[in-house]
Amino acid sequence: MGPYPLGSSTAASGWAAADSGPQCSASEIDGLLAGAGYRVRSSDLLHVAHSLERLESAMGGAPAGYLASAEAVHYNPSDLAAWVHSILSELSPSLPPLRPPLAAPVAETWPDPTCFSSPYQQNQMAVVVATRQREEEEGSAIRLVHLLVSCADAVQRGDSGLAGNIIAEMRVVLTRVNAGFGIGKVAGYFVDALCRRIYSPCSSSSCSASVAGSAADQEILYHHFYEISPYLKFAHFMANQAILEAFDGYDRVHVIDFNLMHGLQWPALIQALALRAGGPPFLRLTGIGQPSPDGRDALREVGLRLAELALSVRVRFAFRGVAASRIDDVRPWMLQVVPGEAVAVNSVLQLHRLLGDPGDDAAAPIDSVLGWVVGIRPKIVTVVEQEADHNRPAFLDRFAEALFYYSTMFDSLEARRGAAQQQQQAVAEVYLQREICNIVSCEGTARVERHEPLVRWRARLGGAGLRAVHLGSNAFKQASMLLTLFSGEGYCVEEVDGCLTLGWHSRPLISASAWRADDDVAPLPDSQLFDPSIDATINVDASQQRQQ
Amino acid sequence: MEATVLPSEEEEEEERKNRFSINDDVDLLIEILERLDGRSLGVAACVCRLWSSVCRRDSVWEALCNRHVAGGGGGPGTRSVVAALGGYRRLYRLCVGPALDRLTGGPGRSGWASAATAAHLSLSLSLSLSLFSIDCYERLDGPQASLLFLCKPVNVP
């Protein structure tokens, strides 16, 4: 540690000779520092280092000119331990007692540092004490992150005993950190997930359902996350823009949604099609969603609501629901693609679920799904995915990436704190917490949150026979305007090779891209696409209504 | 001291014919109110029953919305879509108004001062309508609960 730059402080006014007073035994003094002129006991080194750090932050917290207003005191900086302690005790009264000084007679000749009569001293104490509390919290937060990573490392190595010990320690540290926001909260979720991994692991999809909760719960969580943050809205708007442009000129259009939820993406598309130059086309929507266990046909209800909206704006609309627990269970004939219509496939945060290993020699789910998607020759495929690398084979890598990603995500949610939205925000956070739980505590087929970054998706989709479609400046402008309306400080929209990403403080968190089938890919045979015997759609024909 | 000469009947009649009240000419009133900004329209609606009913007309709010969106608003097709989704007055209240407030830096500013700056800001009509349609959709509790669509039955084969 070199000498501190004290600026206009008092230490510049000279100090007592460094070689006065009796010497300690040479073996106690640290040799390296002695060469630089500082006499510090080796056993004191850690203590001195911590004190110097505290001094630096305390001086950062004290207002400029404070030190200059203090009376001139002479210190001997060669006895580093005593010197830094006396400076610190000026700035903050509640210090742990100094270790016995290097040589007692030397300490007695020095003036008592606590007899200051600076008028600013008392006023600034509160500031400095608060600074110290903040440093302690920051120190605890850093320690927490360090512990999390070492616990993950222990888990990766299979050392569950050590991992358990670290978890116990982390729970103690968590009590010292403000667990209501910031790193404390995120760390809490990760600690819980690690706990679950060690003590009740799940590697089959049946027990991951208990982690995920029912489909209805998931829809509610999704809805709250949609309301409270701009990520999903951004995704929907970008996808709709691409779909709208791709449907230009077509009279019959068909949208296939890989995850219908409450259908919040589609009112905007219906409205935009209603206002399209040349009149609205005939819109068919096929929504894929989870089957509802209690007999309630959730998909059909959403379809009816969308049909109502379409009816009110005079867009001919037909809806079809496909209930499937996994997208790779869906077969092309279930979608009833009619030859001659323009097809759009829309996947919002769904494709990454297909990246699990199939086991045996079955085709990878992602390849089979992409295969039939390309086979139905869509005019546009819109893909929205998290911009994160949570699918690496090593657990520690995934863990560290997830920690960084979700800290940023929670950060962005907190910036929007408004009293009226506390409850919504809490529910939205549960949505994210479930993702964290899945990434950290599940393995095998249970782990569905296998996020991959955009570059990997590009390679994968390109390899399946899809060509990228640039999203255009219109989409970019809409995204920027949306963010401004949404309270856009901190959010940033970036364009990467025709794809748009939305991020928080230059860390991209979600990406939206558009693709279309390559012209030289062979389409699926009609027998796979269309089975005329099946007809269970909800048909709303506005032209019939007009005649009434 | 002279007695004050009261105006005679004919003179009063003459005056009444020459005196002009804005309330006599509703079309003129509409023309004027169409040029106001959102806050002023709200204030105008509190003046009297006639003004209140004029301010409730969607055409006044349509003019206001179209002033603030890029391209001056869409054609008659837009009007029917907006009417179906809830009307221009609701569009302004839910989407255009708050957006303008946000763009000009907050509703605390004087409405008259910000009206001038707001005229130079162009909001995307498609964005406002998209947000509006989502709002309309979220208000639909279900086919039975929505009064608006009672007269138009849904054909479910």
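Residues numbered from 1 in each chain as written. Chains lettered and ligands numbered in written order. Predicted model: local features only at pLDDT ≥ 70, side-chain atom pairs only at ≥ 80, totals over all residues. Heavy atoms only, no water.

Take the overall build of chain A next. Looking only at helices and strands, one finds 20 helices and ten strands in chain A. Within chain A, the fraction of its 548 residues that count as buried is 52%. A separation threshold of at least 6 residues defines the contact pool for chain A, and within that pool the share at least 24 residues apart is 78%. Accessible surface for chain A amounts to roughly 23,700 Å². Of this, 55% is attributable to carbon and sulfur atoms. (Helix = DSSP H or I, 4+ residues; strand = E, 2+ residues; numbered from the N terminus. Buried < 20%, exposed > 50% of the residue type's maximum accessible area, 1.4 Å probe, protein only. Contact = heavy atoms within 4.5 Å. Areas by Shrake-Rupley, 256 points an atom, 1.4 Å probe, with all protein chains shown as cover.)

So, on to the packing of aromatic side chains. Residues and elements named next belong to chain A. Scanning the entire structure with this criterion turns up eleven aromatic pairs over all chains. Measuring from centroid to centroid gives 5.8 Å for Phe395 and Phe399, while their planes differ by 45°, and the two rings are tilted. With a gap of four residues between them, Phe395 and Phe399 both fall in helix α15 (residues 395–414), about one helical turn apart. Here Phe395 and Phe399 have matching classes, each one buried. Through a chain of ring-to-ring contacts, the aromatic side chains of Tyr222, Phe225, Tyr231, Tyr431, Tyr491 and Trp504 assemble into a single cluster. Directly above the ring of Trp457 sits Arg460, whose terminal nitrogen or CZ lies 5.8 Å from the centroid. (Phe/Tyr/Trp six-rings, centres within 6.5 Å; stacked < 30°, edge-to-face > 60°. Lys NZ or Arg CZ within 6 Å of the ring centre and 35° of its normal.)

All names here are of chain A. Structurally, the position occupied by Leu299 is in helix α13 (residues 298–312). For Leu299, a relative accessible area of 9% translates into the label buried. Separated by 54 residues in sequence, Leu299 and Glu245 place their C-alpha atoms 27 Å apart. In this view, Leu299 contacts Leu260, Gly287, Ile288, Gly289, Phe319, Gly321, Val322 and Ala323; residues no more than four positions away in its chain are not counted.

Before going further, it helps to spend a moment on the packing of helix α18 (residues 472–485) of chain A against helix α7 (residues 88–104) of chain B. Put simply, α18(A) and α7(B) touch, their axes get as near as 9 Å, and they point 85° apart. Considered as vectors, α18(A) and α7(B) are oriented roughly perpendicular to each other. Touching A:Met481, A:Thr484 and A:Leu485 of α18(A) are B:Ala99, B:Arg102 and B:Leu103, all from α7(B). The residue inventory of the contact of α18(A) with α7(B), partitioned by class, reads four nonpolar, one polar and one charged. (Axes fitted to C-alpha atoms, helices over the stretch in contact; angles between N-to-C directions. Parallel < 35°, antiparallel > 145°, perpendicular 65-115°, else oblique. Nonpolar A, V, L, I, M, F, W, Y, C, P; charged D, E, K, R; others polar.)

So far we have only geometry, and geometry alone does not tell us how the molecule works.
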